[in-house]
Amino acid sequence: MTHDTNDSPGLFDKFLSENRIFRDREVLRHSYRPHILPHRKPQIDQIAAILAPALQTETPSNILIYGKTGTGKTASVRYVGTELESVSARRGTICRVIHLNCEVIDTQYRVLAQISKMILGEEDPSSDKTRIHIPMTGWPTDQVYSELKNQIDTSTGVFIIILDEIDKLVKKSGDDTLYNLTRINTDLSRSKVSIIGISNDLGFKTFLDPRVLSSLSEEELVFPPYNAPQLCDILQQRAAIGFAEDALDDEVIPLCAALAAQEHGDARRALDLLRISGELADRGNGSKVTIEHVKKAQAKIETDSMVECIKTLPTQSKIVLYCMLLLHRAGQRIFISGDVTRIYKELTPFLEIDVLTARRISDLISELNMLGVINTRLVNRGRHGRTKEMWFDTSTEKIWEVIMEESDGRLAQVDEQIVIQIMR
DNA sequence: GTTCCACAGGAAGTGCGGGCCT
DNA sequence: AGGCCCGCACTTCCTGTGGAAC
């Protein structure tokens, strides 16, 4: 099976052969929802306590939830939501949980239309012909609002609307949506609506009208970041299902947890690290994930985000970076702003772009430093003045690649002769 | 002790495009 | 359509700086 062959039938054989590392890779993605959420019991209990009145068809308080990415906000809320729905179904009451992600659905119209769509979605279409689907575009907003109100009020239950990444909605289209939604209860006679807002950004409250804020944050919850031991438990739990038995070295999970804990206790990051470590081991045909794989995975995540960062750089920054790469290639491990500016000034006439001043280049250099693409250090060289030294502390190969393929390949077309002449 | 280099980086201003109100 | 304001990318002008060289 492992014999060398160029025949295409054998091409995928080695990938299809029984997998020694993974049992179920999906478990290690952050989209996977586990049945138990370690270290979130207090928060889950609290949410459950706040939502419990819904089972008596009373209106639960609105909740505002804060926490950094990867702290289990969405997972906890979804968990409580599904539990609530199933318990209420057993008791014969009506509780509907509607989950929206405001990063995707980011205008008032789309939020209202989506809620309506999700309410009607599961119902037997023949049961009630008086209600119409709201088109995804076209109606005036107040008509959408009143139609939504009708749809909600035809049942006698409690609707819990979860607005995930609510800060995105507020920043993009203001707080009108929230104002209307928080007041909807006053227009309803039979059913009730309660809102849960989830936000990454603690400062988003300042964008809200005080009336909306006080109504929305009847209850507030903060999800603290996980620490390393907690991340260990989370990874342990997923690894038990996701990885084959004995596929992980003992130190692997603690290392993933420790690295992710340094980065603000982000469980997503920890899971990515573990999954990518596994993928690297898998592709390397190993039978065990080792701490070497974790280190490689960490490096891969870092370069991947570096590549992403450089790709999105403005053209002028890319050119400044290119000048630094030229100096680096010429053997200068450390270079100063004067060098970079000189190369830049000599290079730019060959490119069809505006030529920036040294002052502006100085700012661009600082930005590159802030982004972690380069390192800088202020130095005084006595007679030779005060300047900024800079250097790359990662391999420049990836940066070269990205710079070459970006900016319409303009930099890749720079004649080698010109470069030699400039670098003299 | 004095000079003076080679910049850093603050302040203020310009020009431009986008969003918003009227 | 027109006016207004805001943020941005960038410029011009400027003052400040620490230590090697004199």
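Structure: above.
Below or above, wherever it landed, is the structure these notes cover. (Residues numbered from 1 in each chain as written. Chains lettered and ligands numbered in written order. Predicted model: local features only at pLDDT ≥ 70, side-chain atom pairs only at ≥ 80, totals over all residues. Heavy atoms only, no water.)

### Describing the overall build of chain A
Next, step 1: Looking only at helices and strands, chain A features 17 helices and eight strands.
Next, step 2: Put simply, of all contacts in chain A between residues at least 6 apart along the chain, 73% involve residues at least 24 apart.
Next, step 3: Total accessible area on chain A stands at roughly 22300 Å², and carbon and sulfur atoms take up 50% of it. (Helix = DSSP H or I, 4+ residues; strand = E, 2+ residues; numbered from the N terminus. Contact = heavy atoms within 4.5 Å. Areas by Shrake-Rupley, 256 points an atom, 1.4 Å probe, with all protein chains shown as cover.)

### As for the pattern of salt bridges
Side chains that carry opposite charge are capable of pairing whenever their charged atoms lie near each other.
Next, step 1: Inspection of the entire model under this criterion finds 17 salt bridges.
Next, step 2: The residue Asp339 makes a salt bridge to Arg342 at a minimum N-O spacing of 3.6 Å. A residue pair is termed a helical-turn pair when its members lie 3 or 4 positions apart in one helix, as Asp339 and Arg342 do in helix 14 (residues 337-347) at three residues.
Next, step 3: The buried category is assigned to Asp339, whose relative accessible area is 14%.
Next, step 4: For Arg342, a relative accessible area of 41% gives the class partly exposed.
Next, step 5: Measuring nitrogen to oxygen at the nearest pair gives 4.0 Å for the salt bridge that ties Asp363 to Arg360. Highlighted residues: Asp363 and Arg360, both in helix 15 (residues 358-370), separated by three residues, approximately one helical turn. (Salt bridge = Lys/Arg side-chain N within 4 Å of Asp/Glu carboxyl O. Buried < 20%, exposed > 50% of the residue type's maximum accessible area, 1.4 Å probe, protein only.)

### Some remarks on the pairing of strand 3 (residues 158-164)
Next, step 1: Burial of strand 3 is extensive: seven of the seven residues sit out of reach of the surface.
Next, step 2: Of the two faces of strand 3, the one lined by Val158, Ile160, Ile162 and Asp164 and the one lined by Phe159, Ile161 and Leu163 are each fully buried.
Next, step 3: Where strand 2 (residues 95-101) meets strand 3, seven bridges bridge the pair, whose relative direction is parallel. Looking across to strand 3, one finds that Val97 is bridged to Ile160.
Next, step 4: Where strand 3 lies against strand 4 (residues 192-199), six bridges are found, and the strand directions are parallel. Following the sheet pairing, Val158 is matched in strand 4 by Lys192. (Pairing = 2+ DSSP bridges.)

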